[in-house]
Number of protein chains: 2
Amino acid sequence: MTDDDHDHQEDLPRLGEIGLANYAPYLMNRIMGRYNSALRDEMAKLGLTTPKMRALAVLSVIDGPLIRELAVYIVAEQSTLSRALDQLDADGLVRRETDAGDSRATRVFLTDAGRAVFDTLWPHMVESFSRMFRGIPDDERRAFVGTLQKMLANIRKHEI
Amino acid sequence: MTDDDHDHQEDLPRLGEIGLANYAPYLMNRIMGRYNSALRDEMAKLGLTTPKMRALAVLSVIDGPLIRELAVYIVAEQSTLSRALDQLDADGLVRRETDAGDSRATRVFLTDAGRAVFDTLWPHMVESFSRMFRGIPDDERRAFVGTLQKMLANIRKHEI
DNA sequence: CAGAATTAAATGCATTTGCAAATATCTTCG
DNA sequence: CGAAGATATTTGCAAATGCATTTAATTCTG
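This one's a predicted model, so the numbers in the text were calculated from it and none came from an experiment.

A. Focus on helix α2 (residues 24–45) of chain B. Residue and element names in this part refer to chain B. Here α2 is 22 residues long and its end C-alpha atoms lie 32 Å apart, about the 32 Å a rise of 1.5 Å per residue gives. Its axis deflected by about 35° at L39, α2 carries its strongest bend there. Positive backbone phi, approximately 70°, marks G47, located one or two places after α2.

Okay, here's the thing in structure tokens:
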């Protein structure tokens, strides 16, 4: 294990050579950090955290997913989601229902109140989103999203 | 498009119409979530968390930044970074030094041990990074990074 | 030059998070 | 059938996080 570890690193470019500003994961973390923090004030007003907000967002599009599926979409641990759902449920924003065919599993649904809360938040998400893409032409935007889709297909573990 | 009046909720496209798979922030969160979690095992072996790892990464490129500057680069609260530095300092991976010209401020430096730890981690970062971009041609990669740079310029608050 | 306002970093504290284990249910296959 | 293994979700617990406050030092203003 000794020589192998040393040899393994030899021909890699170093981060300093690539440059932080050209390293895609760095740029993506910076951008998403700001997107998320721009929404934090609005979320706080509505009593939401990031996973809770993402759950509402996904549920506004996908009706009645299993909890484990929802966890993939919102990029959170199942335990984190489980507790986020406890809160959303207590606030009447979502409803959990045991799956008809498998009583271990739970499906999650947005309530009318939950949809109303998301509708309050959505304009702010659009605003942050628009701001990110300001001055970037449509064809460049489309190419960018196309590349993102390829990247997700490359790295995702789940077929969703 | 109809007219160019101020935004009202009625005018906004809905997330379901755009589609999750075409909504860039969703895709970016999914991708970065997997990039970060792919590194988590390796980080855990080295006693690192995400902010600690990012601090080492940035310090491998930028020597002696102020703590508040470093916080911007690693996309973390100053308090989170402060405690991360406590740990990195205790483990001998970084060194904090009061700024010569402003004794409120602290500059952070990577130690040799810190650089060695980052050098252990870096090949795994490159591997995750390469996996993300697998099958994506060079010109598309460059265009993608170019768009990211424009986006960061659009949304950043700090001039770094 | 003094006092107020600002800035840098650290700390208190409540909440959130993630891992691991527990619980409950389903599936497989002898 | 029924025990062993797999799967879905929840829960215990320690660690990490974020907000607000504190401490310390600098800059601004009259």
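B. Broad picture of the side chain of T147 of chain A. Following the sequence through the fold, T147 of chain A ends up in helix α8 (residues 138–155). The exposure class of T147 of chain A is buried, given its relative accessible area of 2%. A polar atom in the side chain of T147 of chain A sits 2.7 Å from the side chain of E140 of chain B. If we skip the residues at most four places from it in the chain, T147 of chain A touches I136, E140 and F144 of chain B.

C. Quick look at the UniProt feature "domain: HTH marR-type" (unreviewed entry) in chain A. UniProt feature "domain: HTH marR-type" (unreviewed entry): in the numbering of this structure it lies at residues 21–153 of chain A. The span residues 21–153 of chain A shows a helical share of 68% and a strand share of 8%, and its end C-alpha atoms are spaced 24 Å apart.

So, how was this worked out
Residues numbered from 1 in each chain as written. Chains lettered and ligands numbered in written order. Predicted model: local features only at pLDDT ≥ 70, side-chain atom pairs only at ≥ 80, totals over all residues. Heavy atoms only, no water. Helix = DSSP H or I, 4+ residues; strand = E, 2+ residues; numbered from the N terminus. Expected span 1.5 Å × (residues − 1). Bend = angle between axes of the 7 residues up to and from the residue. Buried < 20%, exposed > 50% of the residue type's maximum accessible area, 1.4 Å probe, protein only. Polar contact = N/O pair within 3.5 Å; in protein donor to acceptor, adjacent residues only side chain to side chain. Contact = heavy atoms within 4.5 Å. UniProt positions renumbered as here; feature names shortened; annotations may be inferred.

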